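Structural description and commentary
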Amino acid sequence: MLQFIAEFIERHQRWFGYPMVVAMALLAFSTALIRPDFIEQIELKSLDQRFKIRGPIVPDPHVVIVAIDDKSLSEVGRWPWPRDQIADLVDNILNKHGAKAIGFDIVFSEEQANPLKESIRLLEESGSTNRSVRTWLRKHQQSGNLDARLEKMFKQHHGQIIPGYFFYTKGGDIPEQALKKLPQFSRLMQPSAMTAEFTDDAASTIPQMGAVEGNLPQLTKAADSVGFFNFFPDSDGTVRRIPLIAELNGYIYPSMAMQTLRIFMDWPDTSVKVDIGGVNEIRIGERVIRTDHTGNMLLNHYGPGKTFTHISAVDLLTGKANAKILKNAIVVLGVTAVGVFDYRPSPYDSVFPGVEGHAVAISNILNNEEISRPGYLELVELISVLILSLLCGYLVYRRGAVVQTISIFGVPLLIVFISLWLFSSYGLWLKASYLIVGVLLSTIPITLLEYVVESRKRAFIHDAFSHYLAPEVVASLAEHPETLQLGGEERHMTAIFSDIAAFSSFSEKLTPQELVHFLNIYLTAMSDIILKRGGTIDKYEGDAIIAFFGAPLDMPDHVTQCVLAALEQQKALLTLRSQWVEKGYPEVHIRIGINDGPMVVGNMGTDSYMNYTMMGDHVNLASRLEGVCKVYRVPILMSRDTYLQVRDEIAATFVDRVKVVGRSQPVDLYLPLAPRSEIGDDDLKPHRTYERAWSLMHQHLFNDAGKIFEQLVKEVPGNGLYEVMLARNKRYIKTPPPQDWDGVTVLESK
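Residues numbered from 1 in each chain as written. Predicted model: local features only at pLDDT ≥ 70, side-chain atom pairs only at ≥ 80, totals over all residues. Heavy atoms only, no water.

**A look at the overall build of the protein chain**
- Each helix and strand counted, the protein chain has 26 helices and 27 strands in total.
- Within the protein chain, the fraction of its 750 residues that count as buried is 49%.
- Sequence-distant contacts, at least 24 apart, represent 76% of the contacts inside the protein chain between residues at least 6 apart.
- Surface accessibility of the protein chain: about 36400 Å² in total, with carbon and sulfur atoms responsible for 55%. (Helix = DSSP H or I, 4+ residues; strand = E, 2+ residues; numbered from the N terminus. Buried < 20%, exposed > 50% of the residue type's maximum accessible area, 1.4 Å probe, protein only. Contact = heavy atoms within 4.5 Å. Areas by Shrake-Rupley, 256 points an atom, 1.4 Å probe, with all protein chains shown as cover.)

As structure tokens, this is what we get:
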């Protein structure tokens, strides 16, 4: 077949040349237009690599992170801290050290318990009669209101702080309590909403929110403005962009990063314009921020965690911090302690402090450093994909190896270099993956086309060998012809034997022509499944198929693939059986035996004729298990050793413990049921009940076992295994085995 294709291509090569170049270029253009998810994922990873290749850069020194870090928690105590300590921290930052603004990557959504009120409650519950203490506590209980102390600090610095809050996205899992508080929070937040201008045909692309997890109302009222601190990571969980705006009940709200920056810039106005393409412009004063159509800004990460100046909160509380660092600074206050888990992956780090993402956004906007994808860039990419695909396809067609190599490898490398230069020098994100895919789509098929033509003679030789050797062996011999000699090697493999039940009586009902036609259909269907799963056909013996998994090529999961192949064969047989019944054939059932272990495999025979086959004790056991299926009226049997290899992927049920002919050691038999992903607990209940009945029978509790077997036969009519074991148990009731019986059934026939 391959030779015919090669000859056909050679005769009509001119029709497979330039027309294919055009077709591949159009396919590349369509791919860039559709933007499949898997290529987008590749592009995102390549964007991460551009950051790493560029290396860290220096952020704005005005942006400082005050971190509630592990050191702070170890010296002050676990998080959350008392509100009076937060108030002291704010006072230190603004009053003592002269910072200009604080943005909180923290939300104070619940009231903190008043310790004096709690003391009164405990005294009353204990029945204490010390009235003077309770009187004193009641008189001074207001001084224990720690929320009031933080509120007082917020009021004192109302124009220098941005309390943070976070949104619950619309359509997501929103707590009922958040929905109840939504009207109140909405009224408190509305003064912080932005000026928004929508055209009549404006697209609804701004992230829609459904509820708020906000600060205590008195804290929200105490500040001039608030801002949300949500992140919406990309599909792989990495933080590459930050939302600057979000919509709730028709109002557009700015992020905590934008609001904090407004304080530093002396409160310029903010606005957003939305048109048919989505968000067209977000402005803070005279500064226009580059965002996408949803209002997300691509972060230009400066480096890994702690690239920004970090000051431990405890150093501020204890007076150990450098006062000069915070002078006129923009402070982002948040938790970086590992135990609090406010970490997200970034292009530089798998664990990147969430608070640092807000610092990146502030520094980006302040210095006009955000990564951008202008509207025209997507059009440039589409046109470039088409032109490059056509050009490179033309260059490789009927050219030498040097030109082909330059086109296939050199052009993609040039694209990578240009994308890195645009990124590092201008902050532009060129989606190079689509340009590279376009080049490869138009060059590799043409190169392969010529390869097919040139390899016609080798294909002919390959086909000749395939007449008497398995395709996998032929491929191996083609790579290593020195292996074409007698001898074998020991490998851990899995053997599978299958046979048609009652084939002799079945074949008598068919004419020779019908029998050959039937066997060809059956053997093809069963063999295709084995080959698809990576197995090798050893031989056919009439209706029997003998195959193995794990040679000639290594296959780490050969046991699993073999058992899955057996299950698929039984499933495929159901379809074939219905077709054969329509043709008047008798109902066909097959038996399959599987076992794994050390086996000898290799070229065996004579110098003039050899066969790639297997042998060994474990091979014989697989053959025996195929015959044992008849005894228990089950479709597949595998040994316990095989079951232990696949039990995590495939559900199975214990059948019995037997001694097969030719082996002195007993073998535990298991019946594979289905992949675990396709079978539920309810489906497994009858099988677990059967195993319990077998255990009772093993303990000589034959009457108890019999009741269960009888119930199983009623619940699952036609199940051969249950009927076989019920009959055996009845025999044991009449003629019990010896008291020292170990549960092993000795089989006397193959």
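**Notes on the pairing of strand β26 (residues 667-675)**
- For β26, the buried fraction is high: eight of the nine residues fall into the buried class.
- Two elements, strand β25 (residues 650-659) and β26, share eight bridges in a ladder whose sense is antiparallel. Each bridged residue has a counterpart across the sheet, and for A652 the counterpart in β26 is P672. (Pairing = 2+ DSSP bridges.)

**A closer look at the sheet that holds strand β15 (residues 309-312)**
- Taken in spatial order, the five strands line up as β3-β2-β16-β1-β15 in an open sheet, and their pairing is parallel. Whereas interior strands pair on both sides, the edge strands pair on one side only; in this sheet they are β3 (161-162) and β15.
- Relative to strand β16 (residues 330-335), strand β1 (residues 63-68) is paired through six bridges, and the arrangement is parallel. The residue bridging V63 from the neighbouring strand is I330, located in β16.
- Against the sheet, helix α11 (residues 256-264) engages β2 (101-104), β3 and β16, with an angle of about 170° to β2.
- Where helix α13 (residues 354-367) meets the sheet, it contacts β1, β15 and β16, and its direction lies at approximately 160° from that of β16. (Axes fitted to C-alpha atoms, helices over the stretch in contact; angles between N-to-C directions.)

**Let's talk about the nonpolar core**
- Ranked by size, the top nonpolar core spans 72 residues in total, and within it F518, I594, Y632, L669, Y690, F709 and M725 carry the most contacts.
- No other element matches the 10 residues that helix α21 (residues 558-582) contributes to this core.
- Setting aside chain neighbours within four positions, we find Y632 in contact with V655, D656, V658, L669, G720, L721, V724, M725, R728 and T745. (Core = buried A, V, L, I, M, F, W, Y, C linked by side-chain atoms within 4.5 Å.)

**Points about unusual backbone geometry**
- Cis geometry marks the peptide bond from W79 to P80; its omega dihedral reads 5°.
- In this fold, P80 is placed in the loop between α4 (70-76) and α5 (83-96).
- Backbone geometry at D266 places phi at a positive 65°, although glycine is not the residue there.
- You can see D266 is positioned in the loop between α11 and β11 (270-275).

**Focus: a nonpolar patch on the surface**
- Residues L414, F417, I418, W421 and Y426 make up a contiguous nonpolar surface patch of roughly 570 Å² in combined accessible area.
- Within the secondary structure layout, L414 lies in helix α15 (residues 401-426). (Patch = residues over 30% accessible without salt bridge, like charges linked within 9 Å, V, L, I, M, F, W, Y side chains within 5 Å. Salt bridge = Lys/Arg side-chain N within 4 Å of Asp/Glu carboxyl O.)

**Things to note about helix α9 (residues 176-189)**
- When the terminal C-alpha atoms of α9 are compared, their 20 Å separation across 14 residues agrees well with the 20 Å that a helix rising 1.5 Å per residue should span.
- Taking the largest bend as the criterion, α9 deviates by roughly 50°, centred on L182, and proline P183 comes between one and four positions later.
- Looking at α9, one finds that the buried residues are A178, L182, F185, S186, L188 and M189.
- If you follow the buried residues of α9, they end up packed against β4 (164-169), β6 (209-213), α10 (217-222), β9 (245-248) and β10 (251-254). (Expected span 1.5 Å × (residues − 1). Bend = angle between axes of the 7 residues up to and from the residue.)

**Observations concerning the pattern of salt bridges**
- Inspection of every chain in the model, using the stated rule, returns 33 salt bridges.
- Of the charged contacts, one joins R50 and E43 as a salt bridge, the two residues approaching to 2.5 Å between their closest N and O atoms. Across the pair, exposure class does not vary: R50 and E43 are buried alike.
- Salt-bridge contacts for D538 lead to K539; the nearest nitrogen and oxygen are separated by 2.8 Å.

**As for empty space enclosed by the protein**
- Inspection of the entire model under this criterion finds one cavity of 30 Å³ or more.
- Considered as a void within the structure, the largest cavity measures approximately 50 Å³ in volume.
- Within the lining of the largest cavity, the residues separate by chemical class into five nonpolar, three polar and no charged. (1 Å grid on protein atoms, 1.4 Å probe; cavity = no way out; pocket = protein on both sides within 12 Å on 5 of 7 lines; lining within 4 Å. Points joined across faces, edges and corners; volume = space filled by probe spheres on them. Nonpolar A, V, L, I, M, F, W, Y, C, P; charged D, E, K, R; others polar.)

**Considerations on helix α20 (residues 512-532)**
- Counted at 1.5 Å a residue, the expected span for α20 with its 21 residues is 30 Å, and the 30 Å between its end C-alpha atoms agrees.
- For α20, the complete set of buried residues consists of L515, F518, L519, Y522, L523, M526, S527, I529 and I530. Buried residues of α20, seen end-on, are gathered within an arc of 150° and therefore sit on one face of the element. Pointing more than 90 degrees away from the buried face of α20 are the exposed residues Q513 and K532.
- Downstream of α20 by a residue or two, G534 has a phi angle that is positive, lying close to 90°. (Arc of directions from axis to C-beta.)

**Digging into the environment of I174**
- Residue position: I174 is located in the loop between β4 and α9.
- Residue classification places I174 among the buried positions, given a relative accessible area of 19%.
- Between the C-alpha atoms of I174 and G210, which are 36 residues apart in sequence, the distance is 7.6 Å.

**Structural notes on the environment of F497**
- For F497, the position within the fold is in strand β19 (residues 487-500).
- Judged by relative accessible area, which is 13%, F497 ranks as buried.
- For the pair F497 and I594, spaced 97 residues apart in the sequence, the C-alpha separation amounts to 6.6 Å.
- Residues in contact with F497, not counting those within four places in the same chain, are I545, I546, R591, I592, G593, M614, V619, A622, S623 and E626.

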